[in-house]
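Working through the structure, step by step
Each chain, letter by letter, is given below.
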Amino acid sequence: MSSIRRLSLVDKRLREIGAERPAGTLRLAIATQDMKRLNGHFGSAERFAIYDVTPDSLSFIGAVVFENLSDELTGQRTPHHERLAAKIAVLSTCQLFFCIGIGGPSAARVISANIHPIKLPRPEGIGALLARVQSRLKAGPPPWLRRAIAQAGATGRKASLDDKG
């Protein structure tokens, strides 16, 4: 008997892009069931929408679709730790992950992969969420977010007092 497990990438650019992006760019993932709203729990989300965000631009990188990971012959689901590992691997190029819910052990694994999970209290449109992130970047990100962007190597050179112009 062979079991069939599926993790399909809607946009294969995710593998090619890796963590490279212009200076000051924040990569984030959103747990979604419908590609319109943040409305997914980490463990049960059918899709992750991936975006690059700067204060002045948005770029949709791709969507990752998680099919029902089960053995088609027995109907048994893939073990939890394997599903979790697959989802964390998808998030590996992101600094932030937005979701409606995430369990403690899952959150600990996401954090240990240098991804900051952000749990929101209710569903919200993806466009509105991205606009809020951009607004926060324009206003000056908090220290934890500046560190996340810096750890990804996506920050530009800081201006010094000696800079002309």
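Quick look at the structure, then. (Residues numbered from 1 in each chain as written. Predicted model: local features only at pLDDT ≥ 70, side-chain atom pairs only at ≥ 80, totals over all residues. Heavy atoms only, no water.)

1. Let's talk about unusual backbone geometry
The condition is simple: Segments assigned H or I by DSSP are reported as helices when at least four residues long, segments assigned E as strands when at least two residues long, and all are numbered from the N terminus. Under the scheme applied here, a residue whose accessible area is under 20% of the maximum for its type counts as buried, over 50% as exposed, and between as partly exposed, the area being computed with a 1.4 Å probe on protein chains only.
In this structure, Met35 takes a positive phi of about 65° despite not being glycine. Position of Met35 relative to the elements: it lies in the loop between β2 (26–32) and β3 (37–38). Here Met35 falls in the partly exposed class, since its relative accessible area comes to 30%.

2. What about helix α5 (residues 143–151)?
For clarity, the cut-off: Read the arc as the range of directions from the helix axis to the C-beta atoms.
Every buried residue of α5 is accounted for by Leu145, Ala148 and Ile149. Here the buried residues of α5 occupy an arc of 95° about the axis, which is enough to place them on one side. Exposed residues lying more than 90 degrees from the buried face of α5 are Arg147 and Gln151.

3. Some remarks on the packing of aromatic side chains
Test applied: To pair, rings of Phe, Tyr and Trp, with the six-membered ring standing in for Trp, must have centres within 6.5 Å; the planes then decide the type, stacked if under 30 degrees apart, edge-to-face if over 60, and tilted in the middle. By definition, being over a ring means that NZ of Lys or CZ of Arg is both within 6 Å of the ring centre and within 35 degrees of the ring normal.
Inspection of the entire model under this criterion finds five aromatic pairs. Taking 6.2 Å as the distance between ring centres and 25° as the angle between the ring planes, the aromatic pair formed by Phe42 and Phe48 counts as stacked. As far as burial versus exposure is concerned, Phe42 and Phe48 are alike and both buried. Directly above the ring of Phe42 sits Lys87, whose terminal nitrogen or CZ lies 5.9 Å from the centroid.

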